[in-house]
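Each chain, letter by letter, is given below.
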Amino acid sequence: MLRINLTLKNFTLVFFSSLTGWLLNAGEVCAQKKNLQLWYRSPAKEWIEALPVGNGAFGAMVFGGIGSDRLQLNDITVWSGDPQPAADRKDAYKFLDTIRAAIRQEQYKEAQDLTARYMTSSAPYYSSYQTLGDIFLHYKTPATATGSYKRWLDIGQALAGETFSQSGTRYNRETFSSAPDSVLVHHLEAAGNAPIEVSILLNRKEKSLTRFEAPNKLVMTGNTGATLEFEVQLAVITDGVVDGGGDSLTVRNARELTIYVTAGTSYLPDYNKGFKGEHPHGKVARRLQHAMGKGYNRLRADHIADYKKFFDRVQINLGAAADSLSTDERLKAYGDGKNDPGFAALFYQYGRYLLISSSRPGNPLPSNSQGIWGDGFDLPWKCDYKSNINYQMNYWPAEPTNLGELHEPMIRMTAALVAPGSKTAQAYFGPGTPGWYYGYTTNGWGWTSPGAALPWGVFAGGSGWACQHLWEHYAFGRDINYLKRIYPILKGAAEFYLATMITDNEGHLVTSPSTSPENNFITDNKQKSNVTEGATMEKAIIWDLFDNLAIASRVLHTDEAFRKKVIAARDNISPLRIGKAGQLEEWNKDWDLNSDDPHHRHVSHLFPLHPGHQVTVFKTPDLAAAARRTLELRGDDGTGWSIAWKENFWARLRDGDHAHRLLSYQLRPTTQLKTIMADAGGTYPNLFDAHPPFQIDGNFGAVSGITEMLLQSHETYTTKDSTYGYVIDILPALPAAWPNGAVKGLHARGGFEVDINWRNGRLTDFSIRSASGEPCKIRTAIPVSINNNSKSGTSVRGSYMYELPAQKGKTYRGMASPNK
Ligand code: FUC
């Protein structure tokens, strides 16, 4: 062991590095490199086999193929339809008292009918995210390869490719979407006798026109309706001969060919300007010119460097990887029970790849329910930003997996909902209602109205929950100037709830009308409804918002009177209750056992366990036990995102084996494309998560779940100077299936970066770097010495707690005490 002792004013620092840690890290890096590839033995036939590339906003699904190939294109701003500012029901608020009275009188059927009639939107919801179009390549070579074929996605470098031999010629093709240069590049090489002979088509089935522009260009223009225009430009640079006409061009006699594609739309992320900006022609042409000038090699090098800046921050090794199998074989074997912990690590890093590829700072829109990848004109659920789980789940991994900047498009979109959301608040809760709110969804056009129907359309929690993400960006990043900027948004969301919550019969604050996303209840006298007052999830979201806001105002030394009001209101929100089966109640009455759908996919009332922090195993053990009971009653099954959420719940309950069981369940192969609302899930051959159909939230939810198994930091404590700190929990839910492993570069709340190594199911060492200089507590399952100080921590219910002083820039290293 290497040791350097330094004596500072108050304590002795000992820097040391354990040899075991070093060896493991070297091995880890090796295993990492090999295990960062999805690969296949044949081209994609279906979209769910194709491989996604993206620069955050512009990307493609790459099919590969010997005789023909397809690149299905997407741009994150390609939305059909238009803004619908008149979708709020103008006089809705006039019926509010009647609805609330019906609920109070327990006339739930009537409350349901009135809510459906008056508290929904007055316009249908029709805008959808859409495909941008396709590039089809048809080769003048036989469609079968004589040499080994391989197709891959290298998530360590964000490159897709394929390679094969035919009659002595070796073909290599590579695709990437560059963020620094806003260009999609498809590069082809042939080494051998036969040259590349290919025709290239650029088209879109709806509202578009493609023309050939001599000598080497295709230009596609079109629109999705009255509001959005788009343009795509494609150019080839080759040593062959180019010819063209109509919507295609041909290349003959080439050894090398690079296809450059740039795209843009008139989308302007500005509600006040109707989301309508300039025609993208100039921008798209400039990007193309620039990319061609730079050339393939430099574009590629800059792309990889830019991508790795994000991706390389976290490394993970969960154990052996069966990477001699192709990814689809591996998925199948995993589903059949093969021990391949490396596959979980690949799925984890793939989720990070997907976030980096679908959400970059400055993006006009955040990652949607398919990231940026979608083929069609009316995509499932419009492929929007459903705010009763899906939108938020996409961003769960952003902060803890060291990708905090990628949160920015979501934060900006939430901020942009304040203006339409304050209009919606007044329409439904009365003129003069302060603040802003929106409910179950939003889309590319700033939609904040409720939905058109129950059970999904009416929900009070969308804005409150979206605000949790604004706060979390501060909780992890500790940027005080950022907190100043977002404080008014949080405050506006809270002002709405403060003004619109009512007092229940017990004198507690509740929302009304209130729903628990997409679920219904049955009362003891057999009334079935979606609408009551004080559904658990809504009050838990508001509790979370008030709690975060109270801390925010204290950190900013501002708004003391308002803080007092928020704290008083938080403490008077109707409390979480434990029902007769020992479960956490979903409704304001103990109706859970009456349910006709006891395994409903939404488990919304566990929000306070995750992603909230109101319920924790150590601080509120009874409520945590009730949450556990709820999960047992609900069962493990569900849709993709539902299974992924349960991974997070079980990790928060510190049951790593159960969380792992769910992850394995999620990693079952499926090709199901039909919409299934219960007992479904699974993973497609390209490792996209299946709701089904494809919904990317499950990919991101799993990344979050795995992180929660290895590191948690949601529990707060009061520090010596009466402020607050976070408990950094090391390996809180390590499953038996991952006995040996390492993770590097995770983030914890309070501004910490954490590396952890473990062996034989036991922590060996960790390091915690403080970026912001805040104190924290560390919790471990076994005693550790920190910076060689072996003072044993406080033992609390089978775990050990260590309090670390605040010191900016300092690294704390912990070593497991031997043989304990
Ligand atoms: C909500 C969920 C569905 C689906 C859809 C996009 O309505 O209840 O399961 O995830 O959003």
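Just so it is clear, the model here is predicted, and its values are computed rather than measured.

(A) Local environment of empty space enclosed by the protein. Here the structure, examined in full by the defined rule, presents 9 cavities of 30 Å³ or more. In terms of lining, the largest cavity is formed by 20 residues, of which the most central are Trp396, Pro400, Glu472, Phe476 and Arg749. Of all the elements in the fold, those that place two or more residues in the lining of the largest cavity are helix H11 (462–477), helix H18 (697–710) and strand S26 (711–712). When residues of the lining of the largest cavity are assigned to their parent elements, the largest contribution, 4 residues, is made by H11. In terms of residue class, the lining of the largest cavity is made up of 6 nonpolar, 9 polar and 5 charged. Viewed by domain, the lining of the largest cavity spans two of them, domain 3 (323–402 + 640–709) and domain 4 (417–635), each represented by three or more residues.

(B) Representation of the pattern of salt bridges in the model. Overall, the coordinates contain 46 salt bridges when judged by the stated rule. Arg313 serves as the salt-bridge partner of Glu405, at 2.8 Å between the closest nitrogen and oxygen. With a gap of 92 residues between them, Glu405 in the loop between helix H8 (390–394) and helix H9 (408–416) and Arg313 in the loop between helix H5 (296–311) and strand S19 (315–317) connect regions that are remote in the sequence. Residue classification places Glu405 among the partly exposed residues on the basis of a relative accessible area of 32%. A residue is classified by how much of its surface remains accessible, and Arg313, at 24% relative accessible area, is partly exposed. Within the structure, one salt-bridge network assembled from shared partners comprises Arg628, Arg629, Glu632 and Asp655.

(C) Main features of the sheet that holds strand S18 (residues 256–265). Strands sit in the order S3-S8-S9-S10-S11-S18-S15-S14-S13 across an open sheet of 9 strands; the sheet is antiparallel. Sheet topology places strand S3 (37–40) and strand S13 (208–213) at the edges, where each strand pairs with a single neighbour. Averaged over all neighbouring strand pairs, the angle between strand axes comes to 15 degrees, with direction disregarded. Inspection of the sheet shows strand S9 (residues 159–166) paired to strand S10 (residues 169–178) by 7 bridges, in the antiparallel sense. Considered in S10, the bridge of Glu162 is made with Arg173. In this fold H5 packs onto S9, S10, strand S11 (183–191) and S18, with an angle of close to 55 degrees to the strand it touches most, S10.

About the criteria used
Residues numbered from 1 in each chain as written. Predicted model: local features only at pLDDT ≥ 70, side-chain atom pairs only at ≥ 80, totals over all residues. Heavy atoms only, no water. 1 Å grid on protein atoms, 1.4 Å probe; cavity = no way out; pocket = protein on both sides within 12 Å on 5 of 7 lines; lining within 4 Å. Points joined across faces, edges and corners; volume = space filled by probe spheres on them. Helix = DSSP H or I, 4+ residues; strand = E, 2+ residues; numbered from the N terminus. Nonpolar A, V, L, I, M, F, W, Y, C, P; charged D, E, K, R; others polar. Domains from an automatic or database assignment. Salt bridge = Lys/Arg side-chain N within 4 Å of Asp/Glu carboxyl O. Buried < 20%, exposed > 50% of the residue type's maximum accessible area, 1.4 Å probe, protein only. Pairing = 2+ DSSP bridges. Axes fitted to C-alpha atoms, helices over the stretch in contact; angles between N-to-C directions. Contact = heavy atoms within 4.5 Å.

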